[in-house]
Amino acid sequence: MGNHSATPITPKLARELLPLRPDDSFKGTFGKALVVAGSRKYTGAANLAIQAALRSGAGLVFGAIPQSIHTALAASIPEAIWLLLPEKDGAITCLSPEEKAGLFPAVGKDAILVGPGLDQTEGTQAYLLGLLAHLRDRAPDLPLVADAEALNILSRQPNWRTLMPNNAVLTPHEMEFSRLTRLSLDEVHSDRHDHALTCAKEWRQVLVLKGPNTLVASPEGECRVLPFANSVLSHGGSGDVLAGLIVGLLAQGLAPFDAATLAVWLHARAAELALATVGHPAATLPSDILQHLGKAMHDLQ
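Described in the following lines is the structure provided in the data block. (Residues numbered from 1 in each chain as written. Predicted model: local features only at pLDDT ≥ 70, side-chain atom pairs only at ≥ 80, totals over all residues. Heavy atoms only, no water.)

**Focus: the overall build of the chain**
To keep it simple, the criterion reads: The helix and strand labels rest on DSSP assignments: H or I over at least four residues marks a helix, E over at least two residues marks a strand, and numbering proceeds from the N terminus. Here the globule rule reads 2.2 Å times residues to the power 0.38, and the radius of gyration is calculated from C-alpha atoms. Accessible area is worked out with a 1.4 Å probe on protein chains only. A residue is then buried under 20% of its type maximum, exposed over 50%, and partly exposed in between. For this analysis, residues touch if any pair of their heavy atoms sits within 4.5 Å.
Along its length, the chain carries twelve helices and twelve strands. The C-alpha radius of gyration computed for the chain amounts to 18 Å, which stays within 12% of the reference 19 Å derived for 301 residues, consistent with globular compactness. The principal-axis extent of the C-alpha atoms belonging to the chain is close to 50 × 45 × 35 Å. For the chain, the proportion of its 301 residues judged to be buried stands at 56%. A sequence separation of at least 24 residues applies to 68% of the contacts in the chain between residues at least 6 apart.

So this is what it looks like as structure tokens:
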């Protein structure tokens with residue numbers, strides 16, 4: 001199960017990708033990220049993703065969420081800007097075509113994340129597919145991160161690849177990758193590198209195949225690998241932090257392959273630092289990783 005020609009994601013490589021923070025900058029310098037996330041059932045996933053986008057350095061982060069979870073999120077994340085979406089039973093839903101004005105708030109944004117904490121209701125599925133159609137029509141080159149339930153909804157669509165805009169980053173773990181490809185888990189696990197690289201080239205998208213020694217594959221046939229693993233990341237919610245980091249770095253102008261690469265390294269390094277503070281991987285949570293992202297960035301300076 002070797003990584004063949006994958007390039008290790010080293011501190012040197014991550015340092016070269018870290019955005020500069022000039023002292024004469026302002027919030028508009030660092031882009032606007034939109035995070036479409038959350039449901040009454042998975043409020044925490046939206047919380048983690050939005051906080052990670054903020055801690056990535058993005059200038060402004062907008063959270064597009066169901067109305068019913070706004071109070072809880074706004075109380076815990078004062079820095080975000082909130083866009084309240086229509087919902088049914090705590091999950092984002094899609095309005096009728098004549099009522100859709102403003103439902104897809106992509107105008108003026110530099111990158112979008114969709115997926116963390118979404119439910120799999122028919123209304124949420126209709127919203128996601130409507131958002132993707134809107135992007136393909138109005139902003140086909142706007143960077144998009146598809147994560148978590150967005151990937152699971154897509155996997156149930158015939159020819160789902162044709163639904164995606166041009167500059168997407170897909171962030172599946174092995175089970176989600178299995179659903180997208182129709183490969184068995186054993187097949188996926190038997191040669192992660194080859195499967196990831198083949199699919200990234202075929203799909204013409206950046207692919208982050210999460211797991212021990214996470215892989216980042218590009219449409220051009222380049223593959224990078226995280227050269228260390230950490231069981232701290234085996235907690236629900238750690239993927240939401242990674243997705244938020246990626247969209248925040250995209251908003252700051254990094255190319256999709258580089259944004260995903262840097263986010264993977266920062267995420268894993270922050271997990272190591274959090275473990276050193278907390279003391280045991282079983283007790284080190286994704287919220288602890290958030291608190292150590294700044295230290296991970298400092299390590300690169």
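The rest of the description comes next.
**So, the packing of aromatic side chains**
Rules: Stacked, tilted and edge-to-face are the three classes assigned to paired rings of Phe, Tyr and Trp, where Trp is represented by its six-membered ring and a pair needs centres within 6.5 Å; plane angles under 30 degrees give stacked, over 60 edge-to-face, the rest tilted. Both a distance and an angle decide whether a charge sits over a ring: NZ of Lys or CZ of Arg must be within 6 Å of the ring centre and within 35 degrees of the ring normal.
Tallied over the full model, the rule gives three aromatic pairs. Ring centres of Phe104 and Tyr127 lie 5.3 Å apart, and the angle between their planes is 50 degrees; on these two criteria the pair is classed as tilted. Taken together, the residues span a long stretch of sequence, with Phe104 in the loop between strand S6 (91–92) and strand S7 (111–114) and Tyr127 in helix H4 (residues 122–138) at a distance of 23 residues. By the burial criterion, Phe104 is buried, and Tyr127 matches it. Both rings, one in Trp160 and one in Trp203, keep their centres 4.8 Å apart while their planes meet at 75 degrees; by these two values the pair is edge-to-face. Residue Trp160 is located in the loop between helix H5 (149–155) and strand S9 (168–170), and its partner Trp203 is located in helix H8 (residues 192–203); the two are separated by 43 residues in the primary sequence. Across this residue pair, the class does not change: Trp160 and Trp203 are buried. Taken together, Trp160, Phe177 and Trp203 form an aromatic cluster joined through their ring pairs. A cation over a ring is seen here: Lys109 above Phe62, with NZ or CZ 4.6 Å from the ring centre.

**Structural notes on the nonpolar core**
Quick note on the threshold: Side-chain atoms within 4.5 Å are what join buried Ala, Val, Leu, Ile, Met, Phe, Trp, Tyr and Cys residues into a set we call a nonpolar core.
One finds Val35, Ile50 and Leu262 to be the most contacted residues of the largest nonpolar core, which totals 60 residues. In terms of residues, this core owes the most to one element, helix H10 (residues 256–278), which gives twelve residues. Filtering out sequence-adjacent residues up to four positions away, Val35 remains in contact with Ala49, Ile50, Ala53, Val61, Phe62, Gly63, Ala64, Leu113 and Val247. Listed in part, the 46 residues of the second largest apolar core include Leu118, Met164, Leu197 and Cys199.

**Quick look at the packing of helix H6 (residues 174–181) against H8**
Spelled out, the test is: Whenever a helix is involved, its axis is fitted only over the stretch in contact; in every case the axis is a line through C-alpha atoms, and angles between N-to-C directions fall within 0 to 180 degrees. Oblique is the label for any angle not covered by the other classes, which are roughly parallel (under 35 degrees), roughly antiparallel (over 145) and roughly perpendicular (65 to 115). What makes a crossing left-handed is the near helix being turned counterclockwise from the far one by less than a right angle; a clockwise turn instead makes it right-handed.
One can describe the packing of H6 onto H8 by two numbers: an axis separation of 12 Å at closest approach and a directional angle of 50 degrees. Judged by the inter-axis angle, H6 sits oblique to H8. Along this stretch, H6 crosses H8, giving a crossing that reads as left-handed. Of the residues in H8, those in contact with Glu174, Phe177, Leu180 and Thr181 of H6 are Arg192, His195, Ala196, Cys199 and Trp203.

**A short note on H8**
Let me state the cut-off plainly: Here, expected helix span is obtained from the residue count minus one, scaled by 1.5 Å. Summarising the geometry, the arc corresponds to the directions from the helix axis toward the C-beta atoms.
The end-to-end C-alpha distance of H8, which contains twelve residues, comes to 16 Å, matching closely the 16 Å that a straight helix rising 1.5 Å per residue would cover. Along H8, the positions that sit buried rather than exposed are Arg192, His193, Ala196, Leu197, Cys199, Ala200 and Trp203. The buried residues of H8 occupy an angular sector of 165 degrees when projected down its axis, which confines them to one face. Buried residues in H8 make contact with S9, H6, helix H7 (185–190), strand S10 (206–209), strand S11 (215–217) and strand S12 (223–225). In the stretch just after H8, Arg204 is the one whose phi turns positive, near 60 degrees.

**A short note on helix H9 (residues 238–251)**
Between its terminal C-alpha atoms H9 stretches 20 Å, which fits the 20 Å expected from 14 residues at 1.5 Å a residue. Burial analysis of H9 places 14 of its 14 residues in the buried class, the great majority of the element. At the C-terminal side of H9, Gly253 shows a positive phi close to 105 degrees.

**Overview of the pairing of strand S2 (residues 32–36)**
Our working rule: At least two bridges found by DSSP between two strands are what make those strands a pair. With the strands aimed away from the viewer, a crossover counts as right-handed if its path from the first strand over the helix to the second runs clockwise.
Among the five residues of S2, four are classified as buried, and the element is accordingly described as predominantly covered. Here S2 pairs with strand S3 (residues 60–66) via five bridges, running parallel. Directly across from Val35, in S3, lies its bridge partner Gly63. Tracing the backbone out of S2, into helix H2 (residues 43–55) and back to the parallel element S3 gives a crossover that is right-handed. Across four bridges, S2 lies against S7 in parallel orientation. Residue Ala33 lies in a different strand from S7, and its bridge partner there is Ala111.

**Some points on the environment of Ala72**
On the secondary structure map, Ala72 appears in helix H3 (residues 70–76). On a C-alpha basis, the gap between Ala72 and Ala14 in space is 34 Å, while along the polypeptide they are 58 residues apart.

**Section: the pairing of strand S4 (residues 81–85)**
Pairing geometry for S3 and S4, over five bridges, is parallel. Its bridge partner lying in S4, Ala64 is registered against Leu83. With H3 bridging S3 and its parallel neighbour S4, the resulting β-α-β unit is right-handed.

**Let's talk about the sheet that holds S12**
Spatially, S1-S12-S11-S10-S9-S8-S7-S2-S3-S4 is the arrangement adopted by the ten strands of the open sheet, whose pairing is mixed. On the outer flanks of this sheet lie strand S1 (7–8) and S4, each paired with one strand and no other. Those strands touched by H9 are S2, S7, strand S8 (144–146), S9 and S10, and its axis lies near 165 degrees from that of S7.

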